[in-house]
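Chain by chain, the residues:
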Amino acid sequence: MKHLRYFVVFIPIFLCTIAYGQNLEKVNIKKSSKGFFTDLIDADPFSISGNFGLNLRSYTANNIENRQSPFIWYLNSNLNVNIYKIRIPISAIVSTQNQTVSHPFHQETIDNLKRNRFTRIGASPYYKWVKMHFGHRSMNFSPLTMSNHVFFGAGLELNPGLFRFAGFYGRMAKTEPRDLSLFGYNQQVFSRKALGLKVGYGNSKNFLDLILFKANDDPSALDVINQDSTKIFQNENAVLAINSKANLFKRVNFNLEIAISGFTKNAVDPIISDAEFKIQNFALTQRTSTVYRKAINAGVTFNGDLFNLGLAYKRIEPEYRSLGTYFFNNDLENSTANLGFSLFSKKIRINATGGLQRNNLFGEKESQLTRTISSLNVNYAQNKLNVGLIFSNYASDISYVLNPDLDSLNAIIVTRNTSLNTTYSIGESESSKQIISLILSLQSVADDIEDFNRSSESQMINGILSYRFLPNDSPWKYNAMINYNQNEIRNIAIKRTGFGLGIEKVLIKDKVTVRVNSNYYISTGENINNKTLNLRLSIPFNINKKHKINFGAIFLNRLNSTSSANADFQEFTSVLNYTYSF
């Protein structure tokens, strides 16, 4: 029961802090419920607004295999339905293409003989302090538990007075059986069901929430085709957390989230009957592959008249996972401080963050990295000149597999970014406006891997100089651009130089505009010497306030100077979008 001490210690503290920051006279759920239906019909009985869209895209290639589907169409709609004072926002998207999609981050290209439809539809009706979710929706409980992950099911949010409740149940991943018709290997995916509950007290500035998230894979929904039980596992996950915020004296803000996650890699492994610790038996059964891990995210900020000051602490233990989030780093501990202030009558704004970061929290790796992390953001704005300078130095711990025969390796990816963004308006007058922009960036990435023979380092340099001429009394607009890009990996550099020109003309005011942009790139490097011409055409046409059409076309022609003529290829893409608003 040692893990529960985190909740026992912090819950009373934050309850007292939140109570101090609240006006207790507002805590009256009975009063909030009493007048719930009093003004329900004080509005029009029915109204509807929104838009429908039809999008068509065609693609063809010459001298290479198609890199996209030859034809894709999709319908999308956003509706706002009002029944008296009940608001019902509805969104939908339907698409047919040569792809099978289980969720936004899993898709495989399949044989042309098979077609699958991607459909998303959902509604979130609400009235006063009641909000419901149906269909494909997402909800946000906290960053470490359920964080805007899409599910197909139903959800409910209740916020009478200072009482806070949220819950959902649904499918978070669709069944993906092994499909032998695929050109390449596809990973089987079990149907994943999940539920979440959040009960709390407070408002957006002062609150304390208790959160439970539970997810498990359902093998009964899987149409098994060539399943390999040594690689395809049924996951099960339960996360218990407290999440809180508190505001004191209108200037000091506290935030704290503590989460304990139990993750079972294989739900058919033997049960541990004498387990020392369990997240409630109804939530998770502890097995031999079950791992319990903790995560903490805390911070305090002071917002003054002249400056802002903050302290933050984040610790995510190795193998901490929540199936309600798409991704976050683990095996990291960050301790940081940040400072923000303005100079010279707020013409210069400076925000700086610095601290320490370490990994290998359990000492299980052969090496450990402890280093300083920092970021600096400086902005200067005065009249015609705007300058922004950004510097950051952070790391990520990523576990990956080089090939199926190797054990997983842990890589510490160290990234340093430096960028300069400058915009200057010259010759601005009543008749025209001229803008010059300069963007420079340098990114360095180095990985510190236990096997240094596989380590690599890369550096990317990018520079863009652009010019725009915008006459006020002319239908014409012009732009020009020069860019340079260099990507170096293990002393092998690939360089690309580009030039661009663009024109725009209003054919019919507020109705039809034609935009043409051309870019020419020269790429050189080891075994690389090619030239690319890219032409883009865009014609938006506003028929009236309700009907809009947008036509676009892209032509790409690549000439490879280092290989035979077969290496040259062309691609053409056309897009037609129609939108009806009402």
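Turning to the side chain of Gln 434, a few remarks are in order. Here Gln 434 is to be found in strand E22 (residues 432–449). Of the polar contacts made by the side chain of Gln 434, one reaches the side chain of Tyr 467; its length is 2.5 Å. Once residues within four sequence positions are removed from consideration, Gln 434 is found in contact with Tyr 424, Ser 425, Ile 426, Gly 427, Tyr 467, Arg 468 and Phe 469.

Take the environment of Phe 362 next. Assignment of secondary structure puts Phe 362 in the loop between strand E18 (348–358) and strand E19 (370–382). In this structure the C-alpha to C-alpha distance between Phe 362 and Glu 317, which are 45 residues apart in sequence, comes to 8.1 Å. Residues within four places of Phe 362 in sequence aside, it is in contact with Arg 293, Arg 315, Glu 317 and Pro 318.

Once that is clear, we can look at the side chain of Gln 486. Checked against the element boundaries, Gln 486 lands in strand E24 (residues 476–489). Engagement of the side chain of Gln 486 in a polar contact is seen with the side chain of Tyr 484, the distance being 2.7 Å. Apart from the residues lying within four places of it in its own chain, the contact partners of Gln 486 are Gln 459, Met 460, Ile 461, Ile 494 and Lys 495.

With that out of the way, let us pick up the nonpolar core. Generally speaking, nonpolar side chains in soluble globular proteins are found buried as a group. Ranked by size, the top nonpolar core spans 21 residues in total, and within it Phe 141, Met 146, Phe 168, Phe 213 and Tyr 320 carry the most contacts. The residues contacting Tyr 320, other than those within four sequence positions of it, are Leu 144, Val 239, Ala 259, Ser 261, Arg 293, Lys 294, Ala 295, Phe 328 and Asn 330.

With 79% of its residues at a pLDDT of 70 or more, the chain has an overall mean of 83. Here strand E5 (residues 106–109) stands out as the element of the chain with the lowest mean pLDDT, 35, in contrast to strand E16 (residues 307–316), whose mean of 97 is the highest. Below a pLDDT of 50 lies the segment residues 98–115, which in the model reaches 45 contacts outside its immediate sequence neighbourhood of four places, other chains included. Contacts from residues 180–185, a stretch scored under 50 in pLDDT, to residues over four places away or in other chains number twelve contacts.

Right, let's get into the pairing of strand E26 (residues 512–525). Where a strand is regular, its side chains alternate between the two sheet faces. In terms of strand pairing, strand E25 (residues 492–508) meets E26 through 14 bridges, oriented antiparallel. Looking at the pairing, Glu 504 lines up with Arg 515 of E26. Counted between consecutive antiparallel strands, the loop separating E25 from E26 contains three residues, among which Asp 510 sits at a positive phi close to 60 degrees. Relative to strand E27 (residues 528–542), E26 is paired through twelve bridges, and the arrangement is antiparallel. Paired with Asn 517 across the two strands is Arg 536, which belongs to E27. Taking the residues that link successive antiparallel strands as the turn, the E26-E27 hairpin has two residues, and the phi of Asn 527 there is positive, at about 60 degrees.

Let us now look at the environment of Phe 254. Note on placement: Phe 254 falls in strand E14 (residues 252–264). Taking the relative accessible area as the measure of exposure, Phe 254 reaches 30% and is therefore partly exposed. For the pair Phe 254 and Ala 298, spaced 44 residues apart in sequence, the C-alpha to C-alpha distance is 7.7 Å.

This paragraph deals with the pattern of salt bridges. Applying the stated criterion across every chain yields a total of 13 salt bridges. A salt bridge links Lys 294 to Glu 317, with the shortest nitrogen-to-oxygen separation between them at 3.2 Å. Highlighted residues: Lys 294 in strand E15 (residues 290–303) and Glu 317 in the loop between E16 and strand E17 (332–343), separated in sequence by 23 residues. Here Lys 294 matches Glu 317 in class, with each residue buried. A salt bridge links Lys 365 to Asp 331; the nearest nitrogen and oxygen atoms lie 3.1 Å apart. Remark: Asp 331 occurs in the loop between E16 and E17 and Lys 365 occurs in the loop between E18 and E19; sequence separation between them is 34 residues. The exposure class assigned to Asp 331 is buried, which follows from its relative accessible area of 4%.

Time to look at the pairing of E15. Pairing geometry for E14 and E15, over 13 bridges, is antiparallel. Residue pairing across strands places Phe 263 opposite Val 291, the latter belonging to E15. Count of turn residues in the E15/E16 antiparallel hairpin: three residues.

In this description, a pair of aromatic rings is defined by centroid distance and the angle of the planes. Taken as a whole, this structure holds eleven aromatic pairs when the rule is applied. Between the aromatic rings of Phe 36 and Tyr 127, the centroid separation amounts to 5.0 Å while the plane-to-plane angle is 80 degrees, which identifies the pairing as edge-to-face. With Phe 36 in the loop between helix H2 (29–34) and strand E1 (47–62) and Tyr 127 in strand E7 (residues 126–127), this residue pair connects regions lying 91 residues apart in the sequence. Comparing Phe 36 with Tyr 127, the two get one shared label, buried. Between Phe 151 and Phe 168, the ring centres sit 4.7 Å apart and the planes meet at 35 degrees, which makes this aromatic pair tilted.

The next point concerns a nonpolar patch on the surface. Where nonpolar side chains cluster on the molecular surface, the patch consists of Ile 41, Phe 46, Ile 48, Phe 52, Ile 83, Tyr 84 and Phe 582 and spans about 640 Å² of accessible area. Residue placement: Ile 83 occurs in strand E2 (residues 71–83). Classification of Ile 83 as partly exposed rests on a relative accessible area of 34%.

Reading the values: rules and limits
- Numbers given for residues are sequential positions, taken from 1 along each chain in its written order.
- Whole-chain, interface and lining totals are the exception, using all residues; otherwise, since this is a predicted model, local features are given only for residues with pLDDT of at least 70 and side-chain atom pairs are given and counted only at 80 or more.
- Side-chain numbers here rest on the full set of heavy atoms in the structure, without hydrogens or water.
- Runs of E in the DSSP output that reach at least two residues are strands. Runs of H or I that reach at least four are helices, and both are numbered from the N terminus.
- Counted as a polar contact is a pair of N or O atoms within 3.5 Å, where, for protein atoms, one must be capable of donating a hydrogen and the other of accepting one, and residues adjacent in sequence contribute only when both atoms are in side chains.
- In this description, contact between two residues means that some pair of their heavy atoms is separated by no more than 4.5 Å.
- What is meant by a nonpolar core is a set of buried Ala, Val, Leu, Ile, Met, Phe, Trp, Tyr and Cys residues, joined one to another through side-chain atoms within 4.5 Å.
- The rule is simple: take the accessible area with a 1.4 Å probe, protein chains only, and divide by the maximum for that residue type; under 20% is buried, over 50% is exposed, in between is partly exposed.
- Scored from 0 to 100, pLDDT reflects the predictor's confidence in each residue.
- Each pair of strands is called paired provided DSSP finds at least two bridges between the two strands.
- For this analysis, a salt bridge means a side-chain nitrogen from Lys or Arg found within 4 Å of a carboxyl oxygen belonging to Asp or Glu.
- Here a pair means two rings of Phe, Tyr or Trp (six-membered ring of Trp) with centres within 6.5 Å. Their orientation is stacked below 30 degrees between planes, edge-to-face above 60, and tilted elsewhere.
- Without a salt bridge and with relative accessible area above 30%, a residue can belong to a patch; like charges are then joined within 9 Å and nonpolar side chains (Val, Leu, Ile, Met, Phe, Trp, Tyr) within 5 Å.
- Only the protein chains shown count as cover for residues, and the accessible areas themselves come from Shrake-Rupley with a 1.4 Å probe.

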